[in-house]
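Structural overview
What follows is the residue order along each chain.
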Amino acid sequence: MTERTIFLDGESLTLEQVREISLDATLPVALAEGCQPKIQASRQVVENVLSSGKTVYGVNTGFGALSHVSISNQQVDQLQANLVRSHAAGTGAILEFPVVRAMMLLRANTLAKGFSGVRPVLLETLLALLNRGVYPKIPAQGSLGASGDLAPLAHMTLVLIGEGEAFYQGEWLCGAEALKRANIEPLTLKAKEGLALLNGTQMMTAIGALTLLQAEALLDVAEVAGAMTIEAVKGSQKPFDPRVAQARAHAGHAQSAAIIRNLLAGSQIMDSHRDCAKVQDAYSLRCIPQVHGAARDLMASARHTLEIEINSATDNPLVFPNGDIISQGNFHGEPVAMAMEQLALALCELGSISERRIDKLMNPAFSELPAFLAGKQQEGLNSGLMIIHYTAASLVSENKILAHPAVVDTIPTSNDKEDHVSMGSISARKAAKILEHARWVLAAELLAAAEGLEYRGDLQPGAGVWRVYQKIRQSVPPLTVDRTLAGDVAKLVQQIEDGSLLAPVQDCLST
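Okay, the overall build of the protein chain next. Counting its regular elements, the protein chain contains 21 helices and nine strands. Structurally, the protein chain occupies a C-alpha span of about 85 × 50 × 45 Å along its principal axes. Among the 511 residues that make up the protein chain, the fraction classed as buried is 56%. Considering only contacts in the protein chain between residues 6 or more positions apart, those separated by 24 or more positions represent 80%. When the accessible surface of the protein chain is summed, it comes to about 20,600 Å², and 53% of that surface belongs to carbon and sulfur atoms. Across the protein chain, 42 positive and 53 negative side-chain charges occur, with their mean positions spaced 2 Å apart.

Given below as structure tokens:
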């Protein structure tokens, strides 16, 4: 292994490593030293159950409402294969490869804790898929979020046993052919192993982790967009005074205000209207620290939950070293579901307040800028940036629908044995969609704010805002006559996604 190998021990995986591995198919992943004895000891407990004739859920019984049915030792292997096949009943769009890689990584990490009763060869095979680029075809819909992400994880597991479908070296193949080409032996699942692969929160957690990390970066983009709009409309910097944050003492508020101050530092535009008659700005400007800050605090809470979850045992039953096997509910996705609802709300509000700032940029009654920023064109003949506001308003409205909490819903299943579920996979997927919308809205605000700065003559904004303005102008020229704007916003969305937009102002983002 190279020195860049990521070693899994079930205890120390970070969210940043999840992102790195999900995006870098060349980065090897392996079990850490010391995991094998734990895994083998856990497996021995399962073997002891089989040899003793005891009846233990998931080892030699049916599943869910069929848990009262005992299965003979001669049929336990068939039981596991049947479980995987029957549970692979998902539908909808196919998960993107980074999410699939994150799912496989997270499932391997939880099995590495040694509470699942599986053989080491199972983890080795799962990691072989990850390391050799064999990606199971996993539909996004079908999970209730308890007993974990059953249907998606079943589609993942099908490929381990040489069934289902997988992507390998540029083409979709049947599972058996993908394994053959990758020189991976298909597994014959033994007692408990199918259930150990299916019970868990790995899809919702994978989507949640990748969405959270992008959302945290988008928070900084929101500060930049807000600061640029403040400059363009000649807003006040007084609301960002550190004493204001100290008077309320929310950590996110203080961080947001500090970043805005950094971005506005040295602004000639701010100096030009220091003693003007305007008393107050609209809330979307002067309440940026309160709104962005609250989003920061929610995301910090979501991060805390996900950091715990990625290193947790979410299997059922859990197998303990002293021989105890406990049927419990660690597969229930409620913690992740609630964290994803927090993330969805935070992102929804980032988009919502950004749309209000776009409105202020378009409205001459507030900004004293030309209507729709079309003043350098023949007014009426040209519409300027009018319709990017329409699109932003549409996305914000859709986000309000998506922000309805999925976690408050539950539909009893399995003959009412599974009578309360988390719907965590829905929470995670809609948070990811809200992120996508909020990113577009903030890109639109950046485009409009950069255009607004064109009307401030020779006055330069703060050094941070100025550097971002110059970055935008490298790919998006000022608007001199109506043109198709979708491509302009798309360029800024790409710069947000790849991090290049924030690169010139990393010093301003440190607080």
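Note that Lys360 resides in helix 15 (residues 334-362). Residue classification places Lys360 among the buried residues on the basis of a relative accessible area of 13%. Those residues in contact with Lys360 that sit more than four places away from it in its chain are Val233, Ala282, Ser284, Phe366 and Ser367.

The next subject is the pattern of salt bridges. Per the stated rule, a full pass over the model turns up 27 salt bridges. Residue Lys137 is joined to Glu165 by a salt bridge in which the shortest nitrogen-to-oxygen separation is 3.6 Å. In this pair, Lys137 is assigned in the loop between strand 4 (135-136) and strand 5 (139-141) and Glu165 in strand 6 (residues 165-168), connecting sequence segments 28 residues apart. Residues joined by salt bridges that share partners form a network here, namely Glu16, Glu216, Arg303 and Glu307.

With that settled, consider unusual backbone geometry. Note the cis peptide between Ala146 and Ser147, where omega equals 5°. Mapped onto the secondary structure, Ser147 falls in the loop between strand 5 and helix 6 (150-160). A positive phi is found at Lys234, a non-glycine position, where the angle reads about 55°. Topologically, Lys234 is positioned in the loop between helix 9 (202-232) and helix 10 (242-248). Overall, the relative accessible area of 29% leaves Lys234 in the partly exposed class.

Within the span of helix 1 (residues 15-23), buried status applies to Leu15, Val18, Ile21 and Ser22. An end-on view of helix 1 places all buried positions within 125° of arc, on one side of the element. On its buried face, helix 1 sits against strand 1 (6-8), strand 2 (29-31), helix 4 (97-111), helix 5 (120-132), helix 9 and helix 14 (288-309).

Quick notes on the rules
Residues numbered from 1 in each chain as written. Predicted model: local features only at pLDDT ≥ 70, side-chain atom pairs only at ≥ 80, totals over all residues. Heavy atoms only, no water. Helix = DSSP H or I, 4+ residues; strand = E, 2+ residues; numbered from the N terminus. Buried < 20%, exposed > 50% of the residue type's maximum accessible area, 1.4 Å probe, protein only. Contact = heavy atoms within 4.5 Å. Areas by Shrake-Rupley, 256 points an atom, 1.4 Å probe, with all protein chains shown as cover. Lys, Arg positive; Asp, Glu negative; His and termini not counted. Charge placed at Lys NZ, Arg CZ, Asp CG, Glu CD. Salt bridge = Lys/Arg side-chain N within 4 Å of Asp/Glu carboxyl O. Arc of directions from axis to C-beta.

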